[in-house]
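So you can see what is in the structure, the chains are spelled out below.
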Amino acid sequence: MGASTLYIHPRKDRHGNLYFSFSYTNKDGKRVRLKKSEHPFFDNREKAQSWADSQDAIKAAEKDHIARKLAWKTAYYDFQKLLMDYGVWQKQKAPNSWKSCVFYLEKWTFPFFLVEKQAGNVNNWHLFFLEFFDWLQGPHKDRKIPLAASTVNNIAKATNTFFSFLLAYGKIDPDSVRKMETLPEHKINHRTFADVISPDEMVNVYTHMKKSHPPAADFFYVLWHTGMRFSELYGISLTSLFKGQITNKALHDELVKSQINYIGYIYLESQPEYDDRKRLPDGSIPRKPLKSCKTIGPKNARIIPIRDKEIWNVLAIRYKKAMEQFEAKECSLNKDDFPLFDDLEWNKAQRTLRQSYSDLGLPFKSYHCCRHSFTTHLVGETRNFFLVRAITGHKKDKSFERYLHIYEQISLESIRNDQIIDVV
């Protein structure tokens, strides 16, 4: 036998015909035989040996490829430590998005500059920015589909914050610091009027979900009527729901001005730190600031009015159930650790929504489309940027203008479908 780590075994089938099987020794020292489906059929030893040798070459190439991909962790600077230090630094700057930034650096930025370009000196990275941008947008053997434009932008922004970190700690020449350009707004795949969930569609989806998973149906129903993000509603607790007039007089006056009546409101100050709403050993649920906010507190809180009686009842029933759990002291002494949607499991909620859309024969729309739909209708109904910003948390004029254009486009589509053109 040659240098192959695959062992070759001549065998005969029940008809006396010669064939060859293969085995190898696993990491536990046990001999493992390959299934017939895992190798071609060979009727002579030379061909079998040639194939076994080729498999060793393939395995060696794969190991070399993996080693080169991981080389950045120890090459040149100690980039593994730099990444960890950057994560600590970025967490203070952006407590909600620091994990994504670390992921983008580890998945895309470091492999390009340290593996593809072998550029171990960060002072030279700016020389390859244009190539990096092209590389991100082009075909790649580790990528089945092209990266979304928004993802490319996020990678560029994460790279820029990494340079800011290096500069802050004197690990790069200030003259070498450059800012990566991002794609212009018109190339980003923003949601359009096609992503808006109409009232009829909402009712149909909600009714269907109610049959298979009532908690997910309630969740979808409340999201559509409040415009909250998934993680925000997922984390509202006994401290979040209030009945009666909003204490923020400015917001209350704007609601009155826009002729919006409400039963109560949700006071939103934080969200769960983990997607699975993981509890610590003491039963508490770690929380983090809302998106685009650096701290938890009244300054960054949002107030969402509850306008619909049925939505209020859904939340009120869940509030009473959570209160019973609190009074029984099931897990914690803090009311913030008793979420109103404690019976909703993240992954099951996603599967239920997708299955309902499939069963109804409708183009799939995500839970986030509920927020998109709510904001679109609120902008069109009120034309009040202060009110929309206070309720949804959108902070840019461009967001308001985009939603207004979407609302007008929906109105135009409705007119186009219903109108009859005749001579005047």
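Our structure is the block above this text.
Residues numbered from 1 in each chain as written. Predicted model: local features only at pLDDT ≥ 70, side-chain atom pairs only at ≥ 80, totals over all residues. Heavy atoms only, no water.

Draft legend 1. Seen up close, the environment of G227. For G227, the position within the fold is in the loop between α7 (214-226) and α8 (230-235). In this structure, the C-alpha to C-alpha distance between G227 and F374, residues 147 residues apart in sequence, is 5.0 Å. In this structure, G227 is in contact with R371 and F374, ignoring residues within four places of it in sequence. (Helix = DSSP H or I, 4+ residues; strand = E, 2+ residues; numbered from the N terminus. Contact = heavy atoms within 4.5 Å.)

Draft legend 2. A look at the nonpolar core. Counting residues in hydrophobic clusters, the biggest one holds 62 residues, and the most contacted among them are F219, F220, L315 and Y367. Once residues within four sequence positions are removed from consideration, L315 is found in contact with V222, I236, L241, I266, I306, L340 and F341. Listed in part, the 37 residues of the second largest apolar core include Y104, A119, W125 and V152. (Core = buried A, V, L, I, M, F, W, Y, C linked by side-chain atoms within 4.5 Å. Buried < 20%, exposed > 50% of the residue type's maximum accessible area, 1.4 Å probe, protein only.)

Draft legend 3. Quick look at the pairing of strand β8 (residues 302-306). Among the five residues in β8, five count as buried, and that is most of the element. The alternating pattern of β8 places R302, I304 and I306 and I303 and P305 on opposite faces, both of which are buried. Bridge analysis of strand β5 (residues 264-268) against β8 gives five bridges, and the strand direction is antiparallel. Each bridged residue has a counterpart across the sheet, and for Y267 the counterpart in β8 is I303. (Pairing = 2+ DSSP bridges.)

Draft legend 4. A look at the packing of aromatic side chains. Going through the model one piece at a time under the given rule, you end up with 39 aromatic pairs. With a centroid separation of 4.3 Å and an interplanar angle of 20°, the aromatic rings of Y206 and Y221 are classed as stacked. Linking Y206 in helix α6 (residues 199-212) with Y221 in helix α7, this pair joins segments that are 15 residues apart in sequence. A relative accessible area of 16% places Y206 in the buried class. Owing to a relative accessible area of 10%, Y221 belongs among the buried residues under this scheme. On the numbers, 6.4 Å between centres and 65° between planes, the contact of F220 with Y367 is edge-to-face. Separated by 147 residues along the polypeptide, F220 in helix α7 and Y367 in the loop between α11 (346-360) and α12 (368-382) bring together distant segments of the chain. A relative accessible area of 0% places F220 in the buried class. Assessed through its relative accessible area of 3%, Y367 is described here as buried. Above the plane of the ring of Y19 lies K36, whose end atom (NZ or CZ) is 5.1 Å from the centre. (Phe/Tyr/Trp six-rings, centres within 6.5 Å; stacked < 30°, edge-to-face > 60°. Lys NZ or Arg CZ within 6 Å of the ring centre and 35° of its normal.)

Draft legend 5. Inspection of helix α3 (residues 98-116) at higher detail. Helix length check: α3, at 19 residues, gives a terminal C-alpha distance of 25 Å against a target of 27 Å (1.5 Å per residue), a fit within 8%. Taken as a whole, α3 carries its principal kink of about 45° at F110; the proline P111 stands between one and four residues after it. (Expected span 1.5 Å × (residues − 1). Bend = angle between axes of the 7 residues up to and from the residue.)

Draft legend 6. Expanded view of the pairing of strand β2 (residues 18-25). The sheet contact formed by strand β1 (residues 7-12) and β2 spans six bridges and is antiparallel. The residue bridging Y7 from the neighbouring strand is S23, located in β2. Hairpin connection from β1 to β2: five residues lie between these consecutive antiparallel strands, with G16 at a positive phi of about 85°. As judged from the three bridges shared by β2 and strand β3 (residues 31-33), these two strands associate in the antiparallel manner.

Draft legend 7. Representation of the sheet that holds strand β4 (residues 241-243) in the model. One open sheet accounts for three strands, arranged β4-β5-β8; its pairing is antiparallel. The strands lining the two open edges of the sheet, one partner per strand, are β4 and β8. Each strand axis lies, on average, 25° off the axis of its neighbour in the sheet, ignoring direction. (Axes fitted to C-alpha atoms, helices over the stretch in contact; angles between N-to-C directions.)

Draft legend 8. Broad picture of the environment of T239. Structurally, T239 is set in the loop between α8 and β4. Note on T239: relative accessible area 33%, which makes it partly exposed. A C-alpha to C-alpha distance of 9.1 Å links T239 and P339, two positions 100 residues apart in sequence. Non-local contacts of T239, meaning those with residues more than four positions away in its chain, are made with K335 and D336. A polar atom in the side chain of T239 sits 3.0 Å from the side chain of S237. In terms of polar contacts, T239 uses its side chain to reach the side chain of D336, at 2.7 Å. (Polar contact = N/O pair within 3.5 Å; in protein donor to acceptor, adjacent residues only side chain to side chain.)

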